[in-house]
Amino acid sequence: MQLLKDKINKEGVVKKGNVLKVDSFLNHQMDIAFLEEIGKEFKRRFADETITKILTIEASGIGIACITARYFQVPVLFAKKTQTKNIAGEVYTSKVESFTHNKVYDVIVSKQFLTADDRILIIDDFLANGKALIGLSDIVKQAGASLVGAGIVIEKGFQEGGRIIRNMGIRLESLAIVDAMDEKNGCTFRQ
Ligand code: 5GP
């Protein structure tokens, strides 16, 4: 998606430790007109699919998922990160290792909101080593729901997540794939 690549080139900041900061439009301040274009693009790519619900993970996936959901006209369900499991009722749970915070979370989704009838599209901001996506797909599996695919705004193609997810047979649509990045030269994108 050229608009996204241009935005990353203009506003993205490459930090030490293979972290790309896009705080001016995606991860802190959110550019809503731009996110609407992201939502439209996910809808265009998954137009042939029946989707009943969008699943994401807190926190930074939520805004993107909500705007995308407007185009699919479905609810958004976000997995909560918890150490206390203090959610009412029964939950599906999976462990996710955070790339940016370097710790392991339990992520939970209430059984009430995810059932075997659901056809799920997972949406997230970044794909790095794939841990968040693997955890979410595990929760979909526990529910007996169908995983239609995953829509990622920025895939870091030099990390292993994309390969793992595609090898799992999951339909993965990444709007920009960064093949290399460094603090001096910024990002190189896959064509
Ligand atoms: P993974 O689970 O694929 O290793 O990492 C994906 C998660 O880590 C995303 O939900 C995202 O929040 C965070 N993340 C991974 N890499 C980056 C990055 O380069 N920049 C930012 N801002 N977040 C990242």
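Residues numbered from 1 in each chain as written. Predicted model: local features only at pLDDT ≥ 70, side-chain atom pairs only at ≥ 80, totals over all residues. Heavy atoms only, no water.

Novice: Describe the packing of aromatic side chains, and please don't skip the residues or the numbers.
Specialist: On inspection of all chains with the given rule, the structure shows one aromatic pair. Plain terms: the ring middles of Phe25 and Phe34 are 5.3 Å apart, the flat faces sit at 90° to each other, and that makes the pair edge-to-face. Residue Phe34 is classed as buried on the basis of its relative accessible area of 5%. Directly above the aromatic system of Phe34 lies the positively charged group of Lys7, at a separation of 5.3 Å from the ring centroid. Seen from the ring of Tyr105, Lys81 lies directly overhead, with NZ or CZ sitting 5.1 Å from the centre. (Phe/Tyr/Trp six-rings, centres within 6.5 Å; stacked < 30°, edge-to-face > 60°. Buried < 20%, exposed > 50% of the residue type's maximum accessible area, 1.4 Å probe, protein only. Lys NZ or Arg CZ within 6 Å of the ring centre and 35° of its normal.)

Novice: How would you sum up unusual backbone geometry? Please name residues and give values.
Specialist: Of note, the amide linkage connecting Glu58 to Ala59 takes the cis form, showing an omega dihedral of 0°. Within the secondary structure, Ala59 is located in the loop between β3 (53–57) and α3 (61–72). Unlike most non-glycine residues, Asn18 shows phi in positive territory, near 60°. Here Asn18 lies in the loop between β1 (13–15) and β2 (19–21). Take Asn18: its relative accessible area is 35%, and that puts it in the partly exposed class. One non-glycine residue, Gln73, adopts positive backbone phi at about 55°. Within the secondary structure layout, Gln73 lies in the loop between α3 and β4 (76–82). Among the residues examined, Gln73 registers a relative accessible area of 73% and is labelled exposed. (Helix = DSSP H or I, 4+ residues; strand = E, 2+ residues; numbered from the N terminus.)

Novice: Which residues make up the site of the ligand, and what are the values?
Specialist: If you check the shell around the ligand, you find 17 residues, and the closest are Leu20, Ala128, Asn129, Gly130 and Lys156. Asn129 is positioned with one of its backbone polar atoms (N or O) 2.8 Å from an oxygen atom of the ligand. Between an oxygen atom of the ligand and a side-chain N or O atom of Lys156, the distance comes to 2.8 Å. Calculation on the ligand without its partners gives an accessible area of 500 Å², and the protein chains cover 90% of this total. Secondary-structure elements contributing two or more residues to the shell around the ligand are β2, β7 (119–127) and α4 (131–143). (Near = heavy atom within 4 Å. Polar contact = N/O pair within 3.5 Å; in protein donor to acceptor, adjacent residues only side chain to side chain. Areas by Shrake-Rupley, 256 points an atom, 1.4 Å probe, with all protein chains shown as cover.)

Novice: Can you tell me about the sheet that holds strand β10 (residues 186–189), naming the residues and giving the values?
Specialist: If you trace the eight strands from one edge of the open sheet to the other, you get β5-β6-β4-β3-β7-β8-β9-β10, paired in mixed fashion. Each edge of the open sheet is held by one strand with a lone partner, namely β5 (91–97) and β10. Sheet twist, expressed as the average angle between the axes of neighbouring strands with direction ignored, equals 30°. Contacting β7, β8 (146–156) and β9 (172–182), helix α2 (residues 32–45) runs over the sheet at an angle of about 125° to β9. (Pairing = 2+ DSSP bridges. Axes fitted to C-alpha atoms, helices over the stretch in contact; angles between N-to-C directions. Contact = heavy atoms within 4.5 Å.)

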